[in-house]
Amino acid sequence: MTEFERERAMPAPAERVFTVAADVNRLGEWLPGVITVHPGEPQGVDVDVHDPAGEYEAPGVLGASREQLRLEWGRRGSSDYSGWLQVSSADGGSSYATLHLSFHGDQPANHGGDAARDVERRLDESLERLAKLVSAG
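On a predicted model such as this, the values are computed, not experimentally measured, just so you know.

Rules behind the numbers
- Residues numbered from 1 in each chain as written.
- Predicted model: local features only at pLDDT ≥ 70, side-chain atom pairs only at ≥ 80, totals over all residues.
- Heavy atoms only, no water.
- Buried < 20%, exposed > 50% of the residue type's maximum accessible area, 1.4 Å probe, protein only.
- Helix = DSSP H or I, 4+ residues; strand = E, 2+ residues; numbered from the N terminus.
- Pairing = 2+ DSSP bridges.
- Phe/Tyr/Trp six-rings, centres within 6.5 Å; stacked < 30°, edge-to-face > 60°.
- Lys NZ or Arg CZ within 6 Å of the ring centre and 35° of its normal.
- Polar contact = N/O pair within 3.5 Å; in protein donor to acceptor, adjacent residues only side chain to side chain.
- Contact = heavy atoms within 4.5 Å.

J.: Let's hear about the pairing of strand S7 (residues 95–103): which residues, and what values?
T.: Most of S7 is tucked away, with 8 of its 9 residues classed as buried. As paired strands, strand S1 (residues 2–10) and S7 are joined by 9 bridges and run antiparallel to one another. For Ala-9, the partnering residue across the bridge sits in S7 and is Tyr-96. Taking the residues that link successive antiparallel strands as the turn, the strand S6 (residues 81–89)-S7 hairpin has 5 residues, and the phi of Gly-92 there is positive, at about 70 degrees.

Encoded structure:
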C-alpha cells in the first residue's frame, strides 16, 4: 500500500471550507477529473470519476460527516483505492485541509517515479483549487 498526503492552509473557517468541499455540485471544481454525482446506497452518493488523461473510469462512493468535517471516498466494490479530506480549525478564522489518498495492490502510484509524482501534483492542485473556491465566496 502507498499513501499520499498533503495539507494546506485555507483562507476561511473550517465549517465554510467543509461546506464548499462537500457540495456534490462543486466536487468537479476542486477534485481532478470529470466527476458525475448521483444518489447512492447506503447513505451517501455514488461518484463516477473520469481521469483527466482519459485512462480509466472509476465508479466510487462518497460519504460526508459534517460533525467531523470529513469526506471519505473509495471505489465501489474494490478496496484498491480510498481517500479522505479532513478540515480542521486554525487561529484567526482560517483552517487547514488535509487530503489523503491510499492505493492498495498493483497501482502505478505504488511503484513511485512519475506516477507517484503525478498523484502528489494532483493533490496539491486540488487543495489549491479548493482554497480559491473558498476565497471566492
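J.: Mind laying out the pairing of strand S5 (residues 70–75), listing which residues take part and the relevant values?
T.: Buried residues dominate S5, accounting for 5 of its 6 residues. In this structure, S5 lies alongside S6, joined through 5 bridges in antiparallel fashion. Residue pairing for S6: Glu-72 is matched across the bridge by Trp-84. The hairpin turn running from S5 into S6, its antiparallel successor, is 5 residues long, and Gly-77 in that turn takes a positive phi close to 75 degrees.

J.: Give a detailed account of the packing of aromatic side chains, specifying residues and quantitative values.
T.: What the rule picks out here adds up to 1 aromatic pair. With a centroid separation of 5.9 Å and 80 degrees between ring planes, the pair formed by Phe-4 and Phe-103 is classed as edge-to-face. With Phe-4 in strand S1 and Phe-103 in strand S7, this residue pair connects regions lying 99 residues apart in the sequence. Accessibility assignment for this pair places Phe-4 and Phe-103 in one class, buried. Taking NZ or CZ as reference, Arg-70 lies 4.3 Å from the ring centre of Trp-84, over its face.

J.: Report on the environment of Leu-31, specifying residues and quantitative values.
T.: Its location among the elements puts Leu-31 in the loop between helix H2 (27–30) and strand S2 (34–39). For the pair Leu-31 and Glu-125, spaced 94 residues apart in the sequence, the C-alpha separation amounts to 8.4 Å.

J.: Can you tell me about the side chain of Ser-95, naming the residues and giving the values?
T.: Its location among the elements puts Ser-95 in strand S7. In this structure the side chain of Ser-95 is engaged in a polar contact, spanning 2.8 Å, whose partner is the backbone oxygen of Ala-12. Ser-95 has contacts with Arg-8, Ala-9, Met-10, Ala-12, Pro-13, Ala-14, Val-17, Val-87, Ser-88, Ser-89 and Ala-90, leaving out every residue within four places of it along the chain.

J.: Give me the environment of Gln-86: which residues, what numbers.
T.: Mapped onto the elements, Gln-86 comes out in strand S6. The spacing of Gln-86 and Tyr-96 is 10 residues in sequence and 8.2 Å in space, taken between C-alpha atoms. In this view, Gln-86 contacts Gln-68, Leu-69, Arg-70, Tyr-96, Ala-97 and Thr-98; residues no more than four positions away in its chain are not counted. Polar side-chain contacts of Gln-86 include one of 2.6 Å to the backbone oxygen of Gln-68. Within polar-contact distance, the side chain of Gln-86 engages the backbone oxygen of Leu-69 at 3.3 Å.

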